[in-house]
Amino acid sequence: MRKSSIRRTCAALAAVTSLALAATACGGTTKEDVKDEGGKAAAAGKADPNAETKKGLTVGFLPKQVNNPYFTVADKGGEKALKELGSSYKEVGTSSGTDTAGQVSYVNTLTQQQVDAIAVSAQDPGALCTALKQAMKNDIKIVTYDSDTNPECRNAFISQASSDDIGRTQVQQMAEQIGNKGEIAILSAAQTATNQNAWIEIMKDELKDPKYKDIKLVKVAYGDDDAQKSFQQTQGLLQEHPNLKGIISPTTVGIKAAAQYLSGSKYKGKVKLTGLGTPNDMRKYVKNGTVEAFELWDPAKLGELAARTAVALASGQITGKEGETFEAGAMGEYTIGKDGVINLGKPTVFTADNVDQFDF
Ligand code: RAM
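Fair warning: this is a prediction, and the values are worked out from it, not measured in the lab.

Draft legend 1. Expanded view of the overall build of the protein chain. Helices and strands together make up the secondary structure of the protein chain, namely 12 helices and 14 strands. Partitioning the contacts of the protein chain with sequence separation of at least 6, the portion at a separation of at least 24 is 70%. With the model as given, the accessible surface of the protein chain reaches about 15,400 Å², and the carbon-plus-sulfur share is 49%.

In structure tokens form, the structure reads like this:
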């Protein structure tokens, strides 16, 4: 039976029976279909760096939130890379950044459709685990990007930069802008977001340094990556804390909404704002004096690296173990670090001097 017809049969089986049953019935056949040495090595749990890059694969992208410009750019980067590699791209996802059940059901759908790999940005670290493990049992490679799940629930995580680089620099920028003194708050995304929570932990750790003894973190607020909620949370922070000197918002949706609120208020330029934003969203707030500096990485490169990692995994060139290396096209060679983490690079700081040089 050809792989496509096996897949159709299995998908039909999965639709009428429990997924686990279909997985048992179909798992062996799919593996037998792997003819190349790289595939065999990978099936035996070993990477074969010389295995041929497979074509005709399907990689499903499942961002934290569709219609979030950050993920639109990231996923376009993935789509472009997959086209170059001769594979197919599809994107599914929820429009709310806090719809964990929706994300779970999308993982299940992609599993039933027997895609070759899934690139997912997890809204919650643990909630997707069962579904992702089921996908892996079905021979689907799992790459998390942007926001991780637990390490045993995926093959590799593409991290935008180290949490240290992202968390500490935001505190350093804020401290500089408020002259190392005063009350500050954080406006985050969803309360469960793995990436924002990791960065906030590092921010708190950085704040322990005695040089910040006069800075007080008074609140962490959550805007859920919802523009309206983030706007209202900013307003609430300023009402509750009239002495607030600055807000750090480590989310592109949050920082934009906070900038929008501040720029139309008496606090413009007085209450400092920094965090993670896209140059296209933040340009006007840098130019009108609401924001001095913020940072981010190139989301398109993050999506591209997620796609290339997914294909390298599905081709058997890597398995996700520490120390394995692979070629990510023009992006160069990447090495897998501890716990299957692959670091994209370092974030870029944007100010009035360079913000016009970027278009994303
Ligand atoms: C938002 C999302 C995403 C985060 C960026 C910085 O778009 O929360 O997960 O990485 O901000």
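Draft legend 2. Quick peek at the site of the ligand. Lys64, Asp146, Gln196, Asp225 and Thr252 are the nearest of the 14 residues found near the ligand. Between Asn195 and the ligand, the recorded distance is 2.9 Å, taken from a side-chain N or O atom to an oxygen atom. Across the complex, the protein chains shield 100% of the 290 Å² of accessible surface that the ligand would expose by itself. Those elements giving two or more residues to the shell around the ligand turn out to be helix H4 (69-84) and helix H8 (194-207). With 3 residues, the top contributor of residues to the shell around the ligand is H8. Looking at side-chain class alone, the shell around the ligand contains 5 nonpolar, 6 polar and 3 charged residues.

Draft legend 3. The sheet that holds strand S9 (residues 272-275), seen in detail. Strands sit in the order S7-S6-S8-S9 across an open sheet of 4 strands; the sheet is parallel. The sheet is open, and its two borders are formed by strand S7 (215-222) and S9, each paired with just one other strand. The sheet shows a mean angle of 25 degrees between the axes of neighbouring strands, taken without regard to direction. One ladder, built from 4 bridges, connects strand S8 (residues 244-249) with S9; its direction is parallel. When the sheet's bridge partners are listed, Ser249 is paired in S9 with Gly275. Its contacts with the sheet place H8 against strand S6 (182-188), S7 and S8, and it is angled at close to 165 degrees to S6. Its contacts with the sheet place helix H10 (residues 252-263) against S6, S8 and S9, and it is angled at close to 165 degrees to S9.

Draft legend 4. Seen up close, the packing of aromatic side chains. If you walk through the whole model with that rule in mind, you get 11 aromatic pairs. Here Tyr70 and Phe71 contribute two aromatic rings whose centre-to-centre distance is 4.9 Å and whose plane-to-plane angle is 85 degrees, an arrangement assigned as edge-to-face. Classification of Phe71 as buried rests on a relative accessible area of 3%. With a centroid separation of 6.2 Å and an interplanar angle of 75 degrees, the aromatic rings of Phe358 and Phe360 are classed as edge-to-face. Given the relative accessible area of 23%, Phe358 is considered partly exposed. Here the aromatic cluster, defined as three or more aromatic residues joined through ring pairs, consists of Phe61, Tyr70, Phe71, Tyr89, Tyr145, Trp199 and Trp297.

Draft legend 5. Local environment of the sheet that holds strand S13 (residues 341-343). Reading across from one edge, S2-S1-S3-S4-S5-S13 is the order of the 6 strands in this open sheet, with parallel pairing throughout. Each edge of the sheet is formed by a strand with only one pairing partner; in this case those strands are strand S2 (88-91) and S13. Sheet twist, expressed as the mean angle between neighbouring strand axes with direction ignored, is 20 degrees. Of the strand pairs in this sheet, strand S3 (residues 117-120) and strand S4 (residues 141-145) are connected by 4 bridges, and their pairing is parallel.

Draft legend 6. A look at the pattern of salt bridges. Per the stated rule, a full pass over the model turns up 16 salt bridges. Two residues, Arg168 and Glu206, come together in a salt bridge whose shortest N-O distance is 3.1 Å. Taken together, the residues span a long stretch of sequence, with Arg168 in helix H7 (residues 163-177) and Glu206 in helix H8 at a distance of 38 residues. On the basis of relative accessibility, which here comes to 8%, the residue Glu206 falls in the buried class. Between Arg308 and Glu304 there is a salt bridge; the shortest N-O distance is 2.8 Å. Note that Arg308 and Glu304 are positioned in helix H12 (residues 299-314) at a spacing of 4 residues, about one turn of the helix.

Draft legend 7. Structural context of the packing of H7 against H8. Contact pair H7 / H8: the axes reach a minimum separation of 8 Å and the direction vectors enclose 50 degrees. Classified by the interaxial angle, the pair formed by H7 and H8 is oblique. H7 and H8 meet at a crossing whose hand is right-handed. Here Ser163, Asp164, Ile166, Gly167, Arg168, Gln170, Val171 and Gln172 of H7 lie close against H8, whose contacting residues are Ala198, Trp199, Ile202, Met203, Asp205, Glu206 and Leu207. Residue composition of the contact of H7 with H8, grouped by class: 7 nonpolar, 4 polar and 4 charged.

Draft legend 8. Main features of the state of the cysteines. Within the structure shown, the criterion is met by 1 disulfide. Note that Cys129 is cross-linked by a disulfide to Cys153, the S-S spacing being 2.0 Å. Of note, the bridge from Cys129 to Cys153 carries an S-S torsion of about 95 degrees and is right-handed in sense. Within this pair, whereas Cys129 is found in helix H6 (residues 129-137), its partner Cys153 is found in the loop between S4 and strand S5 (156-159), the two being separated by 24 residues in sequence.

Here is what the cut-offs are and how they apply
Residues numbered from 1 in each chain as written. Predicted model: local features only at pLDDT ≥ 70, side-chain atom pairs only at ≥ 80, totals over all residues. Heavy atoms only, no water. Helix = DSSP H or I, 4+ residues; strand = E, 2+ residues; numbered from the N terminus. Contact = heavy atoms within 4.5 Å. Areas by Shrake-Rupley, 256 points an atom, 1.4 Å probe, with all protein chains shown as cover. Near = heavy atom within 4 Å. Polar contact = N/O pair within 3.5 Å; in protein donor to acceptor, adjacent residues only side chain to side chain. Nonpolar A, V, L, I, M, F, W, Y, C, P; charged D, E, K, R; others polar. Pairing = 2+ DSSP bridges. Axes fitted to C-alpha atoms, helices over the stretch in contact; angles between N-to-C directions. Phe/Tyr/Trp six-rings, centres within 6.5 Å; stacked < 30°, edge-to-face > 60°. Buried < 20%, exposed > 50% of the residue type's maximum accessible area, 1.4 Å probe, protein only. Salt bridge = Lys/Arg side-chain N within 4 Å of Asp/Glu carboxyl O. Parallel < 35°, antiparallel > 145°, perpendicular 65-115°, else oblique. Left-handed = near helix turned anticlockwise from the far one by under 90°. Disulfide = S-S within 2.5 Å.

That's the geometry; what it means functionally is another story.
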